[in-house]
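Summary of structural features
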Amino acid sequence: MNATETSPLALYVHWPFCVSKCPYCDFNSHVRDTVDQAAWRAALLQDMRYEAQLLPGRPLGSIFFGGGTPSLMPPATVAAIVAAAEVSWGFTPDIEITLEANPSSVEAARFADLAAAGVNRVSLGLQALDDQALKFLGRAHGVDEGLAALATAQANFARVSFDLIYARPDHRLAAWEAELARAIGFGTEHLSLYQLTIEPGTRFATEAAAGRLHIPDADTGADLFEATRAMTRAAGLPAYEISNHARPGAESRHNLTYWRYTDYAGIGPGAHGRRNGVATVRHKKPENWMSAINRNGNGAESETPLAPMMRQTEAMLMGLRLGEGVDLARIAALGNCAVDDVIDAAAAATLEREGLIARNGTRLRATDSGMPVLNAILAALIA
């Protein structure tokens, strides 16, 4: 049996709704003033039972509540899902139950009830410690409100993480170092620190093309990246993934499930999953998902067996994000091929000479110098 078959499972629960239009919600159709909570709770439980029947005999190591505004999910619904998940699968002794939350006073007021419902870790979307930056990013909260939510989270949960975005327009190294030092000072066990990327077709892309947005150039971005890793390492929060930093032992167990390419069940509108080599996708639109539940007993839009080569590629794409890298022998087993056939040997030799990757037996990882150019490394290795 391989690691995918023996490791603990993860459960992702997608709650799609925002109660009012907010910048965190990507789907206008998901905004709701009222939600039939009893019907939604029953549907989520049914979707979960379906997955449990297909993934028997392995305990859950993590549950993650994400989506639109999951911190506005009724605590009774959270408690019902946690209880039913334990009955269906059983829990590892140290199960991690995370809830994503926006740092608003409305949501922070629910933290105590969510902790009582079983949540033991919260991930806050602070995004920045600068009011002008938050306005640019389209966030509804200000710094003071965000930090008040952080304090409430720390008072209610043993494990707290928050995220920040750097390399914002006109972002200077000294300003980021001061902001990051302040963030580290709050004493959380985990930080997610993302470099701003400009995606085609977005408002940011339009503004940048018109010359109204001055994003730091590649050299400045590299300096910001290196400073981020140096400061977090010195503070005892080393990078364990390209954008995630934690005290040893405080890494996100749920996200490690994705990056280590092991099985996870995804339930709720728009949720994705990986189940025994099958890619699962739930209907994105809430009404379509609910109709599928009523019609089929599950909300799946598609369940697609992945070809061995696709599993191998996905495992490489996810695993090289980690500081620990990947085990080429395990990836070879996923792709039904020899270890020597997993990557382009000539490209790997060149990258290793350049100090961008390192190999130790069948273990391959990107070096600190390689992480900033990880996409190029991946493209060369799996060409």
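What counts, and at which threshold
Residues numbered from 1 in each chain as written. Predicted model: local features only at pLDDT ≥ 70, side-chain atom pairs only at ≥ 80, totals over all residues. Heavy atoms only, no water. Phe/Tyr/Trp six-rings, centres within 6.5 Å; stacked < 30°, edge-to-face > 60°. Helix = DSSP H or I, 4+ residues; strand = E, 2+ residues; numbered from the N terminus. Buried < 20%, exposed > 50% of the residue type's maximum accessible area, 1.4 Å probe, protein only. Axes fitted to C-alpha atoms, helices over the stretch in contact; angles between N-to-C directions. Left-handed = near helix turned anticlockwise from the far one by under 90°. Contact = heavy atoms within 4.5 Å. Core = buried A, V, L, I, M, F, W, Y, C linked by side-chain atoms within 4.5 Å. Expected span 1.5 Å × (residues − 1). pLDDT = per-residue confidence, 0-100.

1. Points about the packing of aromatic side chains
As enumerated under the stated definition, the model contains 8 aromatic pairs in all. Judged by centre distance (5.7 Å) and plane angle (70°), the ring pair of Phe111 and Phe157 falls under edge-to-face. Highlighted residues: Phe111 in helix α5 (residues 111–116) and Phe157 in the loop between α7 (143–156) and β5 (159–166), separated in sequence by 46 residues. A single burial state applies to Phe111 and to Phe157, both of which are buried. Ring centres 5.0 Å apart and planes at 20° place the aromatic pair Tyr166 and Trp176 in the stacked group.

2. A short note on the packing of helix α2 (residues 37–54) against helix α12 (residues 286–296)
Helix packing geometry: the angle between the two helix axes and the distance between the axes. Close contact between α2 and α12 brings their axes to 10 Å; oriented N to C, the two are set at 60°. Crossing geometry of α2 relative to α12 is assigned as left-handed. Contacts between α2 and α12 involve Ala39, Trp40, Ala43, Leu44, Gln46 and Asp47 from the former and Pro286, Trp289, Met290 and Ile293 from the latter.

3. Describing the nonpolar core
Leu11, Phe65, Trp89, Met316 and Leu381 are the most contacted members of the largest nonpolar core, which totals 94 residues. Here the element with the most residues in this core is α2; it accounts for 6 residues. With 6 residues, the next largest nonpolar core counts Tyr240, Ala250, Leu256 and Trp259 among its residues.

4. With respect to α2
Each full turn of the α-helix corresponds to 3.6 residues, which orients residues three or four apart in the same direction. Relative to the 26 Å expected for 18 residues at 1.5 Å per residue, α2 spans 26 Å between its end C-alpha atoms, a close match to the ideal helical length. For α2, the full list of buried residues reads Trp40, Ala43, Leu44, Leu45, Asp47, Met48, Tyr50, Glu51 and Ala52.

5. With respect to the side chain of Thr92
Structurally, Thr92 is set in strand β3 (residues 91–101). For Thr92, a relative accessible area of 14% translates into the label buried. With sequence-adjacent residues up to four places away left out, Thr92 is seen in contact with Pro8, Pro59, Leu60 and Gly61.

6. Observations concerning helix α13 (residues 308–319)
In this model α13 runs 16 Å from its N-terminal to its C-terminal C-alpha over 12 residues, within 8% of the 16 Å that 1.5 Å per residue would give. Looking at α13, one finds that the buried residues are Arg311, Gln312, Glu314, Ala315, Met316 and Gly319. Summarising the contacts, the buried residues of α13 are in contact with α11 (253–259), β10 (272–275), β13 (326–327), α14 (328–334), β15 (363–366) and α16 (374–381).

7. With respect to the confidence of the model for the protein chain
Of all residues in the protein chain, 94% attain a pLDDT of 70 or more, and the chain-wide mean is 92. Long-range and interchain partners of residues 20–32, a stretch whose pLDDT sits below 50, account for 30 contacts in this model, where long-range means more than four residues apart.

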